[in-house]
Amino acid sequence: MKQIKPESLLSVNLKVIKRHPFFFLAAMVSAFLLQFTAGLFPAFIEKQMFSFFENKIDLPLGVWFIIILMATGFLFTAFAYITMNIGWLFRTKIKKLFVSKMLRAIILQPKEFDTSEAIGETAYKFREDIDQLSSLLTGTFPHFSTSLVIAIVTVVLMFSVNVTFTFIALFLIALNIGIITLLLPKVERRRENSLKAAAATSGFLTAALQSTQEIKTDYKNQNFIDAYFNINQKAAKAALQENIGSSLIKSLFRLGHQLITSAMLIFIALNIETISFSVGDLAFFISLSVSLSNFASSVSDFFVSVKQTKISLERVQDIYTKAENEDEQLDVKSPQEYNIGSIVVKNLCVEYPESNFKIEKSFEFHGGEYYFIFGAVASGKSSVIKSMLGITKKAGGEIILNGKIIENPESIFVSPLAVYVPPTPQIFNASLRENILLGVSSEIEVNITEAEIQKVLKITRLDKDLETMPKGLETKIGNLTGGVSGGQTQRIGIARALLCKSKLVVLDDCFTAVDSGLAGEIRKDIAALDDLTVIEISNRKPNLEMIPQIKQLEF
């Protein structure tokens, strides 16, 4: 497969802006108005008010002019919060963009990803790292860029009031920025350590929830609690170190405004007899310094956020970049354009160097047939078939579908052409109806009738189980509810595959928890379905004499 060059943070963000320019503009407008109404506008109002009360200027409408300005500021703020809501919608769209691309890449190119990472660790990337990636464009960058514009205007106005004070303020801001530059590398390292530790905690907890029954039956509760406590302690320590660094940086900039104000007051006190500084000028200058301090604060937030976002992008880069280049990896035809006429596999090789395992096989399947592949445990049955489907990598060989060599089987052997059912299908905490329809494309689901659902339930013998479920198909089931047995779980997985209306169904050891007599009945009904090719893999060879149409292959 073609090597994909990792994208820079700038490149990724420019693509997002290009896709959603209106929402980005709304975030910028919101940030500008909030900055404007927090610094420049109040400073202008205070100068007019104090100068008016000192009788230094005349205002049209008198004090009502001040009141109108305040009301205008309120309207600006209200409009800013309205556009802020659009900015939050922008954040949701960014998350959806990243998550949909990453999920699609994982589903269509599963063999390209590192399987050594725990499920919870990958899930943590979808949650925390995507949240960090979205916050840069929707919050931190708009705040920084608009405060920069306002800071430039502020400096010009401050120079017009008092040059000396302005130089003192700029010196203190520059000093803060210099200090922050020295601290940023530590923030970056601590952010990476914190995310890794938190992801490890998430991975451990996910694995524990998936093995709840084992923990109960083997009396490992205390061992589990101790292990979780230890790994959680590491995560807490890493998070504390990161927060200390980030808080220190932000506190230094928050201190900037107080230092500027204090420096001005000390300077005025020491030079009270030589300077002419009205109350309006002083109020105006101090209020302007708020805008400058806000800019200083936004600098700290922006620098810290950029470092943190770079780390998050690096963590999801292996998934995201594959998703970005996904279209170039696909075959010319889509799965809908194929039929299962024949599948010829020549010298398909699968190897795992770590365990010194290697297998090479050649075989052929024809459309509309039911194939039963059996062999000893660890003989490579599942590995070869999963490699044929593109779920795992092949070390060599050819896969030929209807006379055409398939270079990227992972993009072809997917629904609606093919469905793979693992030994233990995933059951989600949802209704039985939702579980059996999960994986069915929206186009197919719209056309699925209740009669078709009942037919599949009858084939998998789930219709009998419905009699004991209080709400029938709407009964909520799930791994953590104890609502379904192992055999029911496998049959739900088979029902899900049949409802996808795929032309090829691969059943990987899907009857291990099903009664042998019941399994035979289900096989017989599936084998009788028209225009369906089935490949079943099993370690055990059942009695298939009553189903002569099933062809047997031994590995």
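Residues numbered from 1 in each chain as written. Predicted model: local features only at pLDDT ≥ 70, side-chain atom pairs only at ≥ 80, totals over all residues. Heavy atoms only, no water.

1. Considering the sheet that holds strand β10 (residues 533-538)
The pairing of strands in a sheet comes from backbone hydrogen bonds and takes either a parallel or an antiparallel form.
At step 1: Across the sheet, which stays open at both edges, the 5 strands sit in the order β6-β9-β10-β3-β11 with parallel pairing between neighbours. The outermost strands of the open sheet, each flanked by one partner alone, are β6 (418-421) and β11 (550-554). Averaged over neighbouring strand pairs, the angle between their axes works out to 15° when direction is ignored.
At step 2: Inspection of the sheet shows strand β3 (residues 370-374) paired to β11 by 5 bridges, in the parallel sense. Opposite I373, over in β11, you have L553 as the bridge partner.
At step 3: In the packing of helix α11 (residues 381-389) onto the sheet, contacts are made with β3, β6, β9 (504-508) and β10, and the angle to β10 comes to roughly 145°.
At step 4: Helix α16 (residues 486-499) contacts β6 and β9 of the sheet and is inclined by roughly 175° relative to β6. (Pairing = 2+ DSSP bridges. Helix = DSSP H or I, 4+ residues; strand = E, 2+ residues; numbered from the N terminus. Axes fitted to C-alpha atoms, helices over the stretch in contact; angles between N-to-C directions. Contact = heavy atoms within 4.5 Å.)

2. So, the pairing of strand β1 (residues 342-352)
At step 1: Where β1 lies against strand β2 (residues 357-366), 9 bridges are found, and the strand directions are antiparallel. Paired with C349 across the strands is E360, a residue of β2.
At step 2: Linkage of β1 to β2, two consecutive antiparallel strands, is achieved through a turn of 4 residues, within which N356 is found at a positive phi near 60°.
At step 3: In terms of strand pairing, β1 meets strand β4 (residues 396-401) through 5 bridges, oriented antiparallel. Counted as the bridge partner of K346 is E398 from β4.

3. Looking at the confidence of the model for the protein chain
At step 1: Residues with a pLDDT of 70 or more make up 74% of the protein chain, whose mean pLDDT is 78.
At step 2: Here residues 213-217 is a poorly scored stretch, pLDDT under 50, and it has 6 contacts once near neighbours within four places are set aside; other chains count. (pLDDT = per-residue confidence, 0-100.)

4. Structural notes on the environment of S298
At step 1: Along the chain, S298 falls in helix α9 (residues 279-324).
At step 2: Judged by its relative accessible area of 0%, S298 is buried.
At step 3: In sequence terms S298 and P142 are 156 residues apart; their C-alpha atoms lie 9.6 Å from each other.
At step 4: Apart from the residues within four sequence positions on either side, S298 is in contact with H143, F144 and S147. (Buried < 20%, exposed > 50% of the residue type's maximum accessible area, 1.4 Å probe, protein only.)

5. Points about the pattern of salt bridges
At step 1: Taken as a whole and judged by the stated rule, the model has 10 salt bridges.
At step 2: One salt bridge connects D525 with R461, and the closest N-O pair in it is separated by 2.8 Å. You can see D525 sitting in helix α17 (residues 516-527) and its partner R461 sitting in the loop between α14 (450-459) and α15 (462-466), a full 64 residues away along the chain.
At step 3: What makes R461 buried here is its relative accessible area of 16%.
At step 4: What you see here is one network of salt bridges that share partners, running through R91, K95 and D131. (Salt bridge = Lys/Arg side-chain N within 4 Å of Asp/Glu carboxyl O.)

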